[in-house]
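# Architecture and fold: a report
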Amino acid sequence: MNSWKYPAFWIALLLVVIGGLLPVITGSNVLRENIFLIMLSVALASSLNILLGYAGYVSFGHIVFFGVGGYIGFYLMAVQNWSLWLAVPAGGLVAAILAWLLGLAILRLRGAYFALATIGVNEAVRTFINNFGPLGGPIGLEVNFSIYQQYGGAATMQWTTYWLAFILTIAAIVLSYAVKFSRFGLGLMAIREDEDAAMVMGVRTPNAKTMAYILSAIIPGMMGVIFFFRNSSVEPHSAFRLTRSIEMIVMVMLGGQGTVQGPLVGAALYEAIRSFLLTSPLFKDLQLAFAGLLLLLIILFVPSGVIGWLRGRYRKLWRVLE
Amino acid sequence: MMAAQENILQVKGVTKRFGGLIAVNNVTFDLPRGQILGLIGPNGAGKTTLFNVINGVYAPTEGHVIFKGTDISGWQPYDVVKLGLARTHQIVRPLNDLTVLENVMAGACYGHEHHSLKEAQGIADEVLGFVNLSERRDMLAGSLNVAQKKRLEMARALASRPYLLLLDEVLAGLNPTEIAEMVQVVLKIREQGVTILIIEHVMHALMNVSDRVIVLDYGQLIAEGSPEEIANDPKVIEAYLGDPDLAKRLMENADGD
Ligand SMILES: Nc1ncnc2c1ncn2[C@@H]1O[C@H](COP(=O)(O)OP(=O)(O)O)[C@@H](O)[C@H]1O
Ligand SMILES: [Mg+2]
């Protein structure tokens, strides 16, 4: 299809590029850190959207891929002296393999059962790592700051990893778009609408779902490596935060599940709202409650999210909003 | 391969149990290539269940389904459709949030032939024209009315380019004009060389289009023959006694036409 000609894709890309270049233009390191977090959220939400928005499978524990990818990548760098350039793809690969194996086990579950299983998986992996000595158990792993020397020092490393995250965010948008307008994507959407009907129409649903799960895991896995490397430490509590999983869902739903721009818009909006709330001591401890409430409101009043709502209202904008 | 009278479908001693309930009980019949075979029976007789066993939604508890010489008993539905056996659903199952075109494209992409999106779009447009749904092409499938959804079911199944098409009550709920249109579509499909197995409650329509009719009652095949033979078969009339009105209509229409 000629869907690459749609303005929608280029608009999404342009938004990421402009956002990504802002810290360069302003030269602000604070802005860079904020944009880094937003890009991380965009990449996570866009990836989750392939499973949640296209195939209709709600993964409540999707952060497990971020955590596992991050852990393995961190271990390879901190203990095995791998370079970042190898550790990032390795994190993605491990996340993909995990998704594949998990898919065999839990993708035959539907609806709430699948969602519950994904939470279980996240908790199980966290508990395992918590008790697994080679990965540092409950304390986790750390790198000495000297490790950054090989990347031109800590300051340069901050920029290098920023650009890596930038590239992965663009990759997430491109992947999202490519899947949506592919034969494979049509099969996923058929599954979302009616899985039994999809099977009758000839969609090899087990394969399609597994592939969607794998594709939704790779970029989170790679992002995990970047995030924790920047952070100079990784520990179970920060790698497998269930809150983060829920926030990912909120972002996808807020922007519009099943659309390409939705996760981008949703992630940016959510981060904006959250950073606003974080300045208030009252809301600081209520983040999760806030995310839950927001999710409830979206489901009740704008189930198709910002982009979906706009698409429904202004059909002329279909090529611009996607 | 055998000559002209080759059986495209053979159902051999098929039984399907749901716990204690025997929905389909030791059913055997052959369907020669190119025919339209009608399948009738009172509500709950097991007709839809038989379709579900034939296209792989359920594995038979006992017996075999042989399609084009291949034993497909227990196959997954997505493997069955790739051999060239498609079906419609009695209770329509549109992919609501996709457009009519996308619904039919999915049928073409994943059906008997493997097609790219672009090729699928060509097939979908052709099939939508065939079932008279072209003007709804870009609407969401969920927004169609019942008659249109039935045609969408048909289009989606046809887009898979089947050799054998199972139609489950495609006329139910339609008005007389819509029924007449749909009957024409069914006949046109047969002209294209597609074999058809059709479940129908609208008797006069079924009697008109079918070459042969089989009758299910309480899961068992109780009669088999030409439409006239079936309409005058005392066993069949008895099966419908729970619904005397239906029995009467069955008689009248077969005599009249
Ligand atoms: N999935 C199922 N589980 C349990 N019972 C079923 C199921 N599907 C059908 N039945 C039962 O099997 C019998 C035949 O149903 P069905 O094949 O739908 O009849 P028909 O299409 O001839 O009206 C009915 O008694 C129905 O309740
Ligand atoms: Mg039925």
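Notes on the structure follow.

Conventions we followed
- Residues numbered from 1 in each chain as written.
- Chains lettered and ligands numbered in written order.
- Predicted model: local features only at pLDDT ≥ 70, side-chain atom pairs only at ≥ 80, totals over all residues.
- Heavy atoms only, no water.
- Pairing = 2+ DSSP bridges.
- Helix = DSSP H or I, 4+ residues; strand = E, 2+ residues; numbered from the N terminus.
- Axes fitted to C-alpha atoms, helices over the stretch in contact; angles between N-to-C directions.
- Core = buried A, V, L, I, M, F, W, Y, C linked by side-chain atoms within 4.5 Å.
- Buried < 20%, exposed > 50% of the residue type's maximum accessible area, 1.4 Å probe, protein only.
- Domains from an automatic or database assignment.
- Right-handed = clockwise from strand over helix to strand, strands pointing away.
- Contact = heavy atoms within 4.5 Å.
- Buried area = accessible area lost by both parts, 1.4 Å probe.
- Salt bridge = Lys/Arg side-chain N within 4 Å of Asp/Glu carboxyl O.
- Donors = N, O, S within 2.8 Å, 3.2 Å for Na, K, Ca; no water.

## Side note on the sheet that holds strand β8 (residues 195-199) of chain B
Residue and element names in this part refer to chain B.
- The strand order across the open sheet formed by six strands is β6-β7-β8-β3-β9-β10, and the pairing between neighbours is mixed. Two strands lie at the open edges of the sheet, namely β6 (85-87) and β10 (220-225), each paired on one side alone. Each strand of the sheet is rotated relative to its neighbour by a mean of 20°, with strand direction disregarded.
- Bridging between strand β9 (residues 212-217) and β10 involves five bridges; their strand directions are antiparallel. Following the sheet pairing, V215 is matched in β10 by A223.

## As for the nonpolar core
- In this structure, Y213(A), M223(A), I40(B), M154(B), L165(B) and I189(B) are the most contacted members of the largest nonpolar core, which totals 162 residues.
- A domain split of this core shows at least three residues from each of domain 1 (1-84 + 162-173 + 194-257) and domain 2 (91-161) of chain B.

## Comments concerning the pairing of β8(B)
Residues and elements named next belong to chain B.
- Summarising burial for β8: five of the five residues are buried, a large majority.
- Note: strand β3 (residues 36-40) against β8, four bridges, orientation parallel. When the sheet's bridge partners are listed, G38 is paired in β8 with I198.
- One crossover worth recording links strand β7 (residues 164-168) to the parallel β8 by way of helix α6 (residues 176-191), and it is right-handed.

## What to know about the interface of chain B and chain A
- The interface of chain B with chain A comprises 30 residues on the first partner and 23 residues on the second.
- Summing both partners gives a buried area of about 2,300 Å² for chain B against chain A, and 66% of it is carried by carbon and sulfur.
- Put simply, chain B and chain A have three salt bridges between them.
- For R93(B), the salt bridge identified is with D196(A), shortest N-O distance 3.8 Å.

## Focus on the coordination of the magnesium ion (ligand 2)
All names here are of chain B.
- Note on the magnesium ion (ligand 2): its protein donors are T48 (OG1) and Q90 (OE1). The metal-donor distances range over 2.0 to 2.1 Å. One end of the pair, T48, is in helix α1 (residues 47-54); the other, Q90, is in the loop between β6 and α3 (100-110), and 42 residues separate them in sequence.
- A residue is classified by how much of its surface remains accessible, and T48, at 25% relative accessible area, is partly exposed.
- Taking the relative accessible area as the measure of exposure, Q90 reaches 30% and is therefore partly exposed.

## Brief notes about the pattern of salt bridges
Residues and elements named next belong to chain B.
- For the structure shown, the criterion picks out 24 salt bridges over all chains.
- In this structure, R190 engages D211 in a salt bridge whose closest nitrogen and oxygen atoms are separated by 2.7 Å. On the criterion of sequence distance, the pair formed by R190 in helix α6 and D211 in the loop between α7 (203-209) and β9 is long-range, its members being 21 residues apart.
- Overall, D211 belongs to the partly exposed group, its relative accessible area being 33%.

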